[in-house]
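Structural overview for review
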Amino acid sequence: EYARNANVQAAARRIDGTVLAPGQTFSFNETVGPRTEDSGYRDAPTFTPLGKLSSLAGGICQLSSTLYNAALLANLRILERHPHSLTVRYLMPGRDATVSEYADLRFQNSLDGPVRIELRIHGRDLECTIMGVRPRGERVVIEVEKRRLPTGLLATRTIRSIVREDDLLLREVVSEDT
């Protein structure tokens, strides 16, 4: 638990306060940089295709997943997002975002003005706020459609809808996982 929290805090310090101009792209891996012991990371449990193992910077996917959900709700354009190889307990399928040396979380500020990313850690809870200006009365609705494949695996489709004064402005599939 201590190591996971230290990892989340180390990554959050590098992201907190990031400002994105309109059209600018955020990359989790570029912003956080290499995950090394010298950078404050510890061995902690992480999900791998082989199951749950201990690795350096384990647990930072809680941060990348929280940031992904904040970017979805802020109506930022998702450019790259990868699901975990196993279901995570803290989010429903389709709402997680894993990061690694080979998988990044990238999104673009598709709004008309700048946005600022703020991260706060309260004990075991992580809070992410993306501040910016969105058109008055606009709201974002996220839904996840799930279906069981003949192989027994769960397939999900994450859909974002933008609604203003009860008129649907946009409905887009953000990701599809199998």
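Everything numeric here is computed off the predicted structure, so don't read it as measured data.

**Notes on the overall build of the protein**
From N to C terminus, the protein includes three helices and 11 strands. Along its sequence from the N terminus, the protein presents helices and strands in the succession α-β-β-α-β-β-α-β-β-β-β-β-β-β. The globule rule puts the C-alpha radius of gyration for 178 residues at 16 Å, and the 17 Å found for the protein is close to it. For the protein, the spread of C-alpha atoms along the three principal axes comes to 50 × 45 × 30 Å. Across the 178 residues in the protein, those meeting the buried criterion constitute 46%. The contacts of the protein with a sequence gap of at least 6 include a subset with a gap of at least 24, amounting to 59%. About 10,000 Å² of surface is accessible on the protein, with carbon and sulfur atoms providing 49% of the total. Here the protein contributes 24 positively and 23 negatively charged side chains, and the mean placements of these two sets differ by 3 Å.

**Focus: empty space enclosed by the protein**
Using the criterion set out here, one finds one cavity of 30 Å³ or more in the structure. As a volume, the largest cavity reaches approximately 60 Å³. If you go around the largest cavity, the residues you meet are R4, N5, V8, Q9, Q62, I121, G123, R124, D125 and L126. Among the elements of the structure, α1 (2–15) and β8 (125–131) are those that each provide at least two residues to the lining of the largest cavity. Of the residues forming the lining of the largest cavity, the biggest block, four residues, is contributed by α1.

**Brief notes about the pairing of strand β9 (residues 138–148)**
In this sheet, strand β10 (residues 154–164) lies alongside β9 in antiparallel orientation, the contact comprising 11 bridges. Counted as the bridge partner of E138 is R164 from β10. As consecutive antiparallel partners, β9 and β10 are separated by five residues, and within that stretch G152 has a phi angle of approximately 95°, a positive value.

**Overview of the sheet that holds strand β6 (residues 106–108)**
Reading across the sheet, the three strands line up as β2-β6-β5 and stay open at both edges, with antiparallel pairing between neighbours. The open sheet has two edge strands with one neighbour each: β2 (25–27) and β5 (77–80). Adjacent strand axes in the sheet meet at a mean angle of 25° when their direction is disregarded. Helix-sheet contacts for helix α3 (residues 61–73) involve β2, β5 and β6, and the interaxial angle to β5 is about 140°.

Cut-off values and rules
Residues numbered from 1 in each chain as written. Predicted model: local features only at pLDDT ≥ 70, side-chain atom pairs only at ≥ 80, totals over all residues. Heavy atoms only, no water. Helix = DSSP H or I, 4+ residues; strand = E, 2+ residues; numbered from the N terminus. Rg over C-alpha atoms; globule rule 2.2 N^0.38 Å. Buried < 20%, exposed > 50% of the residue type's maximum accessible area, 1.4 Å probe, protein only. Contact = heavy atoms within 4.5 Å. Areas by Shrake-Rupley, 256 points an atom, 1.4 Å probe, with all protein chains shown as cover. Lys, Arg positive; Asp, Glu negative; His and termini not counted. Charge placed at Lys NZ, Arg CZ, Asp CG, Glu CD. 1 Å grid on protein atoms, 1.4 Å probe; cavity = no way out; pocket = protein on both sides within 12 Å on 5 of 7 lines; lining within 4 Å. Points joined across faces, edges and corners; volume = space filled by probe spheres on them. Pairing = 2+ DSSP bridges. Axes fitted to C-alpha atoms, helices over the stretch in contact; angles between N-to-C directions.

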